[in-house]
Amino acid sequence: MSILRRNNVRVTGATTGRPVVLVHGFGCDQNMWRLVEPLLAEDHPLVLFDYVGAGRSDLSAWQEDRYSSLDGYARDLVEVCEELDLRDAVVVGHSVSSMTGVLAAAAAPERIGALVMVCPSPRYIDEDGYRGGFSAEDIEELLESLESNYLGWSATMAPVIMGNPDRPELGEELTNSFCATDPDIARVFARTTFLSDSRKDLETVTVPTLILECEQDVIAPREVGAYVHAAVPGSELVTLDAVGHCPQLSAPEATASAISAFLSPGVR
């Protein structure tokens, strides 16, 4: 099966320059980057794709055993990079895909030369000495609600995740994105996401890394951004003047500006 067709790969932007791969998170697809895309396209070739099971990917390629761990999603990313023969690419991963980028960079260092983590969280569940933002009971309740009534869960949770209650159209867009995902696939991806613990994986990062967090984010509170920053040697942490877990939609100019500054010639 063609990787480009399997993952609905799209290449756009500049014909020269350092390639930037934009990677969506749980319940989303590449369309979530549409407001950032034109702001980066002038200076960089851009690669966008959908994980198998998301968006316009080939759903027949989805396998529960592969996508029951973040390694399966990292393999999608690496295989896209290999198919396009990318070198020194910058992987911009949103939410859980920040950790997918970490795994992919370790697996294919010749392909990936820098990481941008947008609202990352290596672990969502609190532990002694670590605040992920949720208790184990919170996460189990969230997953049980998702599995029993996915559409209802989406309608309730998407506006909370998005934040910005004064801009309800943003929450509606995320709701629609969640609802477009097959519930059985979403169930697996949700458990893979919210039960993951990638803290040890952060120690493997050796490439330049930018961490973007929002002023307020119920999914990845600022304590998490500080933890990731401390765990990745030499990383940069930028706090966006934004609210919610999806700044590529709620604050696309600020998000793109921070990425562009990180990748400015002579800087990276």
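Predicted model only: the values in this text are computed from it and were never measured.

J.: Can you tell me about the pattern of salt bridges, naming the residues and giving the values?
T.: Under the counting rule described, the total for this entry stands at 22 salt bridges. The partner of Arg5 in a salt bridge is Asp58, and the shortest N-O contact between them spans 3.4 Å. Of this pair, Arg5 sits in helix α1 (residues 3-6) while Asp58 sits in the loop between β3 (45-48) and α3 (70-83); the two residues are 53 residues apart in sequence, bridging distant segments of the chain. Accessibility expressed as a relative area gives 52% for Arg5, which makes it exposed. The class for Asp58 is buried, based on a relative accessible area of 17%. The structure contains a network of salt bridges with shared partners spanning Arg6, Arg66, Asp76 and Glu79.

J.: Give a description of the nonpolar core that names residues and reports values.
T.: Formed by 68 residues in total, the largest nonpolar core has its most connected members in Val21, Leu115, Leu174 and Phe178. Leaving out residues up to four positions away in the same chain, Val21 has contacts with Val47, Phe49, Leu77, Cys81, Leu86, Ala89, Val90, Val91 and Val92. Counting 25 residues, the second largest nonpolar core, distinct from the first, contains Val92, Ala114, Val116 and Cys214.

J.: How would you sum up the UniProt feature "domain: AB hydrolase-1" (unreviewed entry) in the chain? Please name residues and give values.
T.: Here, the residues flagged by UniProt with the feature "domain: AB hydrolase-1" (unreviewed entry) are residues 20-257. For the annotated span residues 20-257, helix accounts for 42% and strand for 16% of the residues, and the straight-line distance between the end C-alpha atoms is 14 Å.

J.: Would you mind going over the pairing of strand β4 (residues 89-94) in detail, with residue names and values included?
T.: The element β4 is largely enclosed, with a buried count of 6 among its 6 residues. Direction of pairing for strand β2 (residues 20-23) relative to β4: parallel, over a ladder of 4 bridges. Pairing of Val21 across the sheet is with Val91, part of β4.

J.: Tell me about the sheet that holds strand β7 (residues 236-243), and name the residues and values.
T.: Taken in spatial order, the 7 strands make up an open sheet running β1-β3-β2-β4-β5-β6-β7, and their pairing is mixed. Strand pairing shows two members of the sheet lacking a second neighbour, β1 (10-13) and β7, which therefore form its edges. For this sheet, the mean angle separating the axes of adjacent strands, direction not counted, is 20 degrees. Across 6 bridges, the pairing between β4 and strand β5 (residues 112-118) is parallel. Bridge pairing in β5 places His94 opposite Val118. Each of β5, β6 (209-216) and β7 touches helix α9 (residues 222-231); the most contacted strand, β6, lies at about 165 degrees to it.

What counts, and where the lines are drawn
- Residues numbered from 1 in each chain as written.
- Predicted model: local features only at pLDDT ≥ 70, side-chain atom pairs only at ≥ 80, totals over all residues.
- Heavy atoms only, no water.
- Salt bridge = Lys/Arg side-chain N within 4 Å of Asp/Glu carboxyl O.
- Helix = DSSP H or I, 4+ residues; strand = E, 2+ residues; numbered from the N terminus.
- Buried < 20%, exposed > 50% of the residue type's maximum accessible area, 1.4 Å probe, protein only.
- Core = buried A, V, L, I, M, F, W, Y, C linked by side-chain atoms within 4.5 Å.
- Contact = heavy atoms within 4.5 Å.
- UniProt positions renumbered as here; feature names shortened; annotations may be inferred.
- Pairing = 2+ DSSP bridges.
- Axes fitted to C-alpha atoms, helices over the stretch in contact; angles between N-to-C directions.

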